[in-house]
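One-letter residues, chain by chain:
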Amino acid sequence: MKQFLKKKGVDLSLKTYFITALSYMALGLFSSLIIGLIIRTAGQQLGEHFQLEWSEWLVTMGQLAMDLMGPAIGVAVAYGLKAPRLVLFAAVVSGAAGAQLGGPAGSFIAALLSTEIGKLVSKETRLDIIVTPFVSIATGFFVATFIGPKIASGLEWFGSVIMWAVEQQPLVMGILVATLMGLALTAPISSAAIAFMLGLEGIAAGAATVGCAAQMIGFATSSYRENGFSGWVALGIGTSMLQVANIIRNPLILIPPTVAGILLAPFATIVFQMVNNPAGAGMGTSGFVGQIMTFTVMGFSWDVFLPVILLHFIGPAVISLILSEWMRKKGWIKFGDMKIEQ
């Protein structure tokens, strides 16, 4: 059995399903729902404030991208799991069924299981062109119908508990959410996928955004002497996940951005009462999605713009730089410890 699974490219491991698959799910989300939401929001704002005729075209295009979230997740997960061609193409249908019946979580589970089952039957019969897509689609539809909604409901319930807890105890719970989501963003898993599957919104999503931004801007700033401006952009606007290998070599470099998130989270939850939606909660400053979604939810005004600049950019940069420089003087962080491959 092990030899058969290996031959089929089926790796029954937590790393494959909770790191690789989730990471590719996030790419599917970004390429459909998140970018679609950004395009639609831009069209709405341009139409409302500048009355541009082509703004409605942006709204339509953005909505189309959002509506195709399921197929995008399906093909992204299948691609990440190195699915054969027929399985890959059939995953479009599995992802769509999962999204329709179970939301992002349902789409992920349906695509994951249909891909793995499809890989098992791929090229095992002379009727491969019929059998493989049929089995893949049937598996995806079965999962979407009977399993996806239950998993989605469970995750949404858990997300609502988190949001309730943050509202009841904004200090402690806000710090916990910011810290855990920030660490998830830097780790080789997908904080964006987690935010969507949990349905994080409101103050909890605002705290998560601060925690994620602290990791990205914190790492970008504290490692500037090693990586320069291009490295700052790669980490601060791209992803702090680029530091994973360095964290394994010296876990102490994780302290400055994490402490920044811990210190800034209470300002987000108590002082400024920052809120966000699932699309922005797990993105931090990646492509400025966290900030765009904050403005989408809270409106664009100086009362919102100033806290965003302070909590998402200036605060993480200053705190991380001060703490990392102190740690360098102590010899806990050495030059090159945060050097990334560019």
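Presented here is an overview of the structure given in this document. Note that the structure is predicted; figures quoted are calculated from it, not measured. (Residues numbered from 1 in each chain as written. Predicted model: local features only at pLDDT ≥ 70, side-chain atom pairs only at ≥ 80, totals over all residues. Heavy atoms only, no water.)

The next point concerns empty space enclosed by the protein. Enumeration over the complete set of coordinates arrives at one cavity of 30 Å³ or more. In this structure, the largest cavity encloses a volume near 30 Å³. Every residue along the wall of the largest cavity is listed here: Ala178, Thr179, Gly182, Gly211, Ala214, Gln215, Pro257, Thr258 and Gly261. For the lining of the largest cavity, the class distribution of residues is three nonpolar, six polar and no charged. (1 Å grid on protein atoms, 1.4 Å probe; cavity = no way out; pocket = protein on both sides within 12 Å on 5 of 7 lines; lining within 4 Å. Points joined across faces, edges and corners; volume = space filled by probe spheres on them. Nonpolar A, V, L, I, M, F, W, Y, C, P; charged D, E, K, R; others polar.)

A cluster of nonpolar residues, Leu171, Val172, Leu176, Leu180, Phe267, Ile270, Val271, Phe272, Leu310, Ile314, Val318 and Ile322, forms a patch on the protein surface that exposes about 1100 Å² of accessible area. Elements represented by at least two residues in the nonpolar patch include exactly α8 (172-186), α13 (255-271) and α16 (302-330). If one sorts the elements of the nonpolar patch by residue count, α16 sits on top with four residues. Here Leu176 lies in helix α8. (Patch = residues over 30% accessible without salt bridge, like charges linked within 9 Å, V, L, I, M, F, W, Y side chains within 5 Å. Areas by Shrake-Rupley, 256 points an atom, 1.4 Å probe, with all protein chains shown as cover. Salt bridge = Lys/Arg side-chain N within 4 Å of Asp/Glu carboxyl O. Helix = DSSP H or I, 4+ residues; strand = E, 2+ residues; numbered from the N terminus.)

Relative to the assigned elements, Gln215 resides in helix α10 (residues 202-222). At 2.8 Å, the side chain of Gln215 and the side chain of Thr186 are in polar contact. Excluding residues within four positions of it along the chain, Gln215 makes contact with Gly182, Leu183, Leu185, Thr186, Ser240, Leu254, Pro257 and Thr258. (Polar contact = N/O pair within 3.5 Å; in protein donor to acceptor, adjacent residues only side chain to side chain. Contact = heavy atoms within 4.5 Å.)

A word on the layout of surface pockets. Estimated volume of the largest pocket: approximately 370 Å³. Counting residues per element, the lining of the largest pocket draws most heavily on helix α2 (residues 14-50), at five residues. Among the residues making up the lining of the largest pocket, the classes are represented as 10 nonpolar, seven polar and no charged. Of the volumes computed, that of the second largest pocket is approximately 220 Å³. Listing elements by their share of the lining of the second largest pocket, those giving two or more residues are α2 and α15 (289-298). With five residues, the single largest contributor to the lining of the second largest pocket is α2. A breakdown of the residues in the lining of the second largest pocket according to their chemical character gives five nonpolar, six polar and no charged.

Further remarks concern the packing of aromatic side chains. Going through the model one piece at a time under the given rule, you end up with eight aromatic pairs. Ring centres of Trp302 and Phe305 lie 5.3 Å apart, and the angle between their planes is 90°; this geometry places the pair in the edge-to-face category. Remark: Phe305 and Trp302 occur in helix α16; sequence separation between them is three residues, near one turn of the helix. Judged by its relative accessible area of 26%, Phe305 falls in the partly exposed class. Put simply, the rings of Phe295, Phe300, Trp302 and Phe305 pair up and form one aromatic cluster. (Phe/Tyr/Trp six-rings, centres within 6.5 Å; stacked < 30°, edge-to-face > 60°. Buried < 20%, exposed > 50% of the residue type's maximum accessible area, 1.4 Å probe, protein only.)

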